[in-house]
Amino acid sequence: MLKAVFEHRLGYLENVCGDWSNHNEHVGLPNTPDDINIDDFVGLEREGSYLMPKSAFVKANTAHETAMIEEYNDHCFAIKHKTLTPDVPYGNTFIAWTKIVVTNLGSNASHMVCSVEPEFPKGSPLVAGGNKSGVKFGP
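Residues numbered from 1 in each chain as written. Predicted model: local features only at pLDDT ≥ 70, side-chain atom pairs only at ≥ 80, totals over all residues. Heavy atoms only, no water.

**Q** Can you help me understand the nonpolar core in this one?
**A** Soluble, globular proteins show a tendency: their nonpolar side chains are buried together. Counting residues in each nonpolar core, the largest one holds 10 residues, listed as Trp20, Val27, Ile36, Ile38, Phe41, Leu44, Ala67, Ile69, Tyr72 and Ile79. Top element by residues in this core is strand β3 (residues 61-72). It accounts for 3 residues. In this structure, Phe41 is in contact with His23, His26, Val27, Thr32, Ile36, Ile69 and Tyr72, ignoring residues within four places of it in sequence. Counting 5 residues, the second largest nonpolar core, distinct from the first, contains Phe6, Tyr12, Tyr50 and Met52. (Core = buried A, V, L, I, M, F, W, Y, C linked by side-chain atoms within 4.5 Å. Buried < 20%, exposed > 50% of the residue type's maximum accessible area, 1.4 Å probe, protein only. Helix = DSSP H or I, 4+ residues; strand = E, 2+ residues; numbered from the N terminus. Contact = heavy atoms within 4.5 Å.)

Below is the structure:
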């Protein structure tokens, strides 16, 4: 599903999605085997990358992402993404943090909330306002 969204909906190419750091074959299953404790999924990480198409503002560039499971239970799951885009202007000055929370509403229904915010590890540059806008709304 991730590949379908990235390639067909967003136009991202060269998608590479690594395995979860543990329990890769069980994360995301509707039912896990009895000998697997889903509490162990919290804290798992996986790395990936993808080529974002050029836009009016930047050339095509590669994003490097680390996904971390923050919550995983029968009611909800939360994944936090750390995305680095060193090839865009000022890309080495910020990290894009994205969080996706999906809540099970029952009756085959769910609710998803997403948020994104830039972090400036070396302090806020003069172009921080433009970076924040680009992170929130895309190129």
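**Q** Would you explain the packing of aromatic side chains in this entry?
**A** The geometry of an aromatic ring pair is captured by two quantities: the separation of the ring centres and the angle between the planes. Applying the stated rule across the entire model yields 3 aromatic pairs. Ring centres of Tyr12 and Tyr50 lie 4.7 Å apart, and the angle between their planes is 5 degrees; on these two criteria the pair is classed as stacked. Remark: Tyr50 occurs in strand β2 (residues 45-52) and Tyr12 occurs in the loop between α1 (2-9) and β1 (13-17); sequence separation between them is 38 residues. Here Tyr12 falls in the buried class, since its relative accessible area comes to 16%. Their ring planes at 75 degrees and their centres at 4.7 Å tell us that Phe41 and Tyr72 sit as a pair that is edge-to-face. Taken as a pair, Phe41 in the loop between β1 and β2 and Tyr72 in strand β3 lie far apart in primary sequence, 31 residues in all. A relative accessible area of 12% means that Tyr72 is categorised as buried. Sitting above the plane of the Trp97 ring, Lys80 keeps its charged end 4.7 Å from the centroid. (Phe/Tyr/Trp six-rings, centres within 6.5 Å; stacked < 30°, edge-to-face > 60°. Lys NZ or Arg CZ within 6 Å of the ring centre and 35° of its normal.)

**Q** Even after reading the chapter, I still don't get the side chain of Thr103, so can you show me in this structure?
**A** Structurally, Thr103 is set in strand β5 (residues 95-106). Not counting residues within four places of it along the chain, the set of residues in contact with Thr103 comprises His75, Cys76, Ala109, Ser110 and His111.

**Q** Honestly, the sheet that holds β5 in this entry has me stumped. Any pointers?
**A** Consider a sheet: its strands pair through backbone hydrogen bonds, and that pairing is either parallel or antiparallel. Reading across the sheet, the 6 strands line up as β1-β2-β3-β4-β5-β6 and stay open at both edges, with antiparallel pairing between neighbours. The open sheet has two edge strands, β1 and β6 (109-119), and neither has a second partner. Averaged over all neighbouring strand pairs, the angle between strand axes comes to 20 degrees, with direction disregarded. Pairing geometry for β3 and strand β4 (residues 76-84), over 8 bridges, is antiparallel. Paired with Ala67 across the bridge in β4 is His81. (Pairing = 2+ DSSP bridges. Axes fitted to C-alpha atoms, helices over the stretch in contact; angles between N-to-C directions.)

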